[in-house]
Amino acid sequence: MVNFKDKSMPAVIDKALDFINGMNTSATSPEPMDESTAKGILKYLKELGCPASASDIVARGEREGWNPGFTQKLVKWAQKFEAGERVLIRDPEYFSLYMREQLQELVDVERA
């Protein structure tokens, strides 16, 4: 499948969704490791001041053919982070330093 970048989406969100697209998105619900990673990504985007919106997630999910259940789980978590609600991340170590650095770098470039 050809991956077309969404020019209207901030690069940091696009990259975060690229990381998520590398998961088993055909499952109805993310596997435990993927769940912790996805929640970590969404939480970090919020901390960076660039939260992923429901429409960003749905658009990527539809474009990439993600399972609708998988997509809706991500949307639910993104909305909880945006609202400041508590979201349990069972294994935060799965959201790697590499991912953090990649996302932070994109935010730094956009703000420069």
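Keep in mind the model is a prediction, meaning the values are calculated, not measured.

### Description of the pattern of salt bridges
Logical step 1: Tallied over the full model, the rule gives five salt bridges.
Logical step 2: In this structure, Lys39 engages Glu35 in a salt bridge whose closest nitrogen and oxygen atoms are separated by 2.7 Å. Taken together, the residues span about one helical turn, with Lys39 and Glu35 both in helix 2 (residues 32-47) at a distance of four residues. This pair shows no difference in class: Lys39 is buried, exactly as Glu35 is.
Logical step 3: A salt bridge links Glu35 to Arg90, with the shortest nitrogen-to-oxygen separation between them at 3.8 Å. Taken together, the residues Glu35 in helix 2 and Arg90 in the loop between helix 4 (68-83) and helix 5 (97-111) connect sequence positions 55 residues apart.
Logical step 4: Exposure remark for Glu35: the relative accessible area of 16% places this residue in the buried category.
Logical step 5: Through salt bridges with shared partners, one network takes in Asp14, Asp18 and Arg60.

### Re the nonpolar core
Logical step 1: In terms of nonpolar packing, the biggest core is built from 30 residues, with Val12, Ile20, Ile41, Leu42, Ile57, Leu74 and Leu103 touching the most fellow members.
Logical step 2: At the level of secondary structure, the elements contributing two or more residues to this core comprise helix 1 (11-21), helix 2, helix 4 and helix 5.
Logical step 3: Sequence-distant contacts of Ile57, defined by excluding residues within four places in its chain, comprise Leu17, Leu42, Ala52, Trp66, Thr71, Leu74, Val75 and Ala78.

### Some words on the packing of aromatic side chains
Logical step 1: Counting across every chain of the model gives three aromatic pairs.
Logical step 2: For the pair Tyr44 and Phe95, a centre-to-centre distance of 5.6 Å together with 55 degrees between the ring planes defines the contact as tilted. Taken as a pair, Tyr44 in helix 2 and Phe95 in the loop between helix 4 and helix 5 lie far apart in primary sequence, 51 residues in all. Each of the two residues, Tyr44 as well as Phe95, counts as buried.
Logical step 3: Positioned above the aromatic ring of Tyr44, the side-chain terminus of Arg100 is 5.3 Å from the ring centre.

### Comments concerning the side chain of Arg60
Logical step 1: Structurally, the position occupied by Arg60 is in helix 3 (residues 54-64).
Logical step 2: Look past the residues within four positions of Arg60 in its chain and what remains in contact with it is Asp14, Leu17, Asp18, Asn21 and Trp66.

### Remarks on the packing of helix 3 against helix 4
Logical step 1: Following both chains from N to C, one finds helix 3 and helix 4 inclined at 165 degrees, their axes separated by 9 Å at the closest point. In terms of orientation, helix 3 and helix 4 fall into the roughly antiparallel class. Here the hand of the crossing between helix 3 and helix 4 comes out right-handed. Along the contact surface, helix 3 presents Ala54, Ile57, Val58 and Gly61, while helix 4 presents Thr71, Gln72, Leu74, Val75, Ala78 and Gln79.

Rules of the game
Residues numbered from 1 in each chain as written. Predicted model: local features only at pLDDT ≥ 70, side-chain atom pairs only at ≥ 80, totals over all residues. Heavy atoms only, no water. Salt bridge = Lys/Arg side-chain N within 4 Å of Asp/Glu carboxyl O. Helix = DSSP H or I, 4+ residues; strand = E, 2+ residues; numbered from the N terminus. Buried < 20%, exposed > 50% of the residue type's maximum accessible area, 1.4 Å probe, protein only. Core = buried A, V, L, I, M, F, W, Y, C linked by side-chain atoms within 4.5 Å. Contact = heavy atoms within 4.5 Å. Phe/Tyr/Trp six-rings, centres within 6.5 Å; stacked < 30°, edge-to-face > 60°. Lys NZ or Arg CZ within 6 Å of the ring centre and 35° of its normal. Axes fitted to C-alpha atoms, helices over the stretch in contact; angles between N-to-C directions. Parallel < 35°, antiparallel > 145°, perpendicular 65-115°, else oblique. Left-handed = near helix turned anticlockwise from the far one by under 90°.

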